[in-house]
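# Architecture at a glance
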Amino acid sequence: MKARQGYGVRHDGPVDFEPYRGELTAYCYRMLGSYQDAEDLVQESLLRAWKARERYDPARASVRTWLYRIATNVCLTALEGRARRPLPSGLGAPGRDTGVPLVPAPDIPWLGPFPDARFDLEARADLRLAWVAAVQLLPARQRAVLVLREVLGFTAAEVADQLETTVAAVNSALQRARGAVAGERIRLTEVAEPDDPEARAVVQRYARAFEAADVPSLVRLLAEDAILEMPPVPLWYLGREDYGRFMDRVFEMRGPVWATRELSANGQPALAAYAPSAEGLLQLHSLQVFTVHGGRITHNVVFADPRLLDPFGLPRQIR
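The name given to the chain in an unreviewed UniProt entry is RNA polymerase sigma factor, with the source organism recorded as Streptacidiphilus alkalitolerans. Under Sequence similarities (unreviewed entry), UniProt gives the following word-for-word description of the chain: "Belongs to the sigma-70 factor family. ECF subfamily."

Quick look at the structure:
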């Protein structure tokens, strides 16, 4: 569904819905783990709001609170009967054979990346891939309670109204949800922001080593227990040694001449990687999203599904 501009509602005066599109998209992404689904659900939410504009009561709730109520209901309906969106590391033990066939698993609804540059959001910590993956383990209503209360700052009474339940039920759901994602919340405080000079320098050094197919230099930038995973391939590797062995295989398969572009995704530093093509150009290959802690890369999630890369507005080929 294509985005439309200029949604409004008139009570004492016109109110534009569009300023809320970015934060609603981030909310729906946290709920569903898919940027494309989030865009569609936000569009549906704004259309519902437009159709119901005559019933909006500003004495009862702000436009923002009203829109979140609509978006929450849309998300909960969309989540009925859906499987959670994982990363490969959430499905089983790490692999040890770095030479196995790289076979995608399209039947798994993988967690996807969020394109930071498209939205001006104040807080991005709770868009981090590890946290969003942890949230996907929660029942849908617990997800809504956690995000609305902990991330967006709605009161328990507001959330109870949005979910048509009681304050006591909201507080109970919040306690259970907090316990389920507590470890990821703690780890988020240890992760460097993408504009942190040290994190940026680490990723820039990684980019130079990657472009040079210099695996020893790549490995020196990794934490001892670094994780590498590549949805939609249901494999992941743990530790510097296997990470390095797999990168040796990548450069053997695709050649040593690569290029990268620096960006950010999910509030994390990221690189777009371009691989050699038969036409002699460099073809967009993947988006690599990094977690940096203590001056080392601790996690690299490599997204290679072209449909997930479209929202980042990256050129398909470069010279």
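The structure having been displayed, the exposition proceeds.
With that out of the way, let us pick up the layout of surface pockets. Reported here for the second largest pocket is a volume of approximately 360 Å³. Lining the second largest pocket are 20 residues, and of these L102, M230, F246, H285 and V302 lie nearest its centre. Mapped onto the lining of the second largest pocket, the elements with two or more residues apiece are β3 (222-230), α10 (240-254), β7 (282-293) and β8 (296-303). Top element by residues in the lining of the second largest pocket is α10. It accounts for five residues. Class assignment for the residues of the lining of the second largest pocket results in 15 nonpolar, four polar and one charged.

A word on the packing of aromatic side chains. By the definition in use, this model includes 14 aromatic pairs. Their ring planes at 40° and their centres at 4.9 Å tell us that Y56 and W66 sit as a pair that is tilted. Highlighted residues: Y56 in the loop between α2 (35-51) and α3 (63-79) and W66 in helix α3, separated in sequence by 10 residues. Assigned by exposure class, Y56 and W66 land together as buried.

A few words on the pairing of strand β4 (residues 233-238). As judged from the four bridges shared by β3 and β4, these two strands associate in the antiparallel manner. Directly across from E229, in β4, lies its bridge partner W236.

What counts and what doesn't
- Residues numbered from 1 in each chain as written.
- Predicted model: local features only at pLDDT ≥ 70, side-chain atom pairs only at ≥ 80, totals over all residues.
- Heavy atoms only, no water.
- UniProt positions renumbered as here; feature names shortened; annotations may be inferred.
- 1 Å grid on protein atoms, 1.4 Å probe; cavity = no way out; pocket = protein on both sides within 12 Å on 5 of 7 lines; lining within 4 Å.
- Points joined across faces, edges and corners; volume = space filled by probe spheres on them.
- Helix = DSSP H or I, 4+ residues; strand = E, 2+ residues; numbered from the N terminus.
- Nonpolar A, V, L, I, M, F, W, Y, C, P; charged D, E, K, R; others polar.
- Phe/Tyr/Trp six-rings, centres within 6.5 Å; stacked < 30°, edge-to-face > 60°.
- Buried < 20%, exposed > 50% of the residue type's maximum accessible area, 1.4 Å probe, protein only.
- Pairing = 2+ DSSP bridges.

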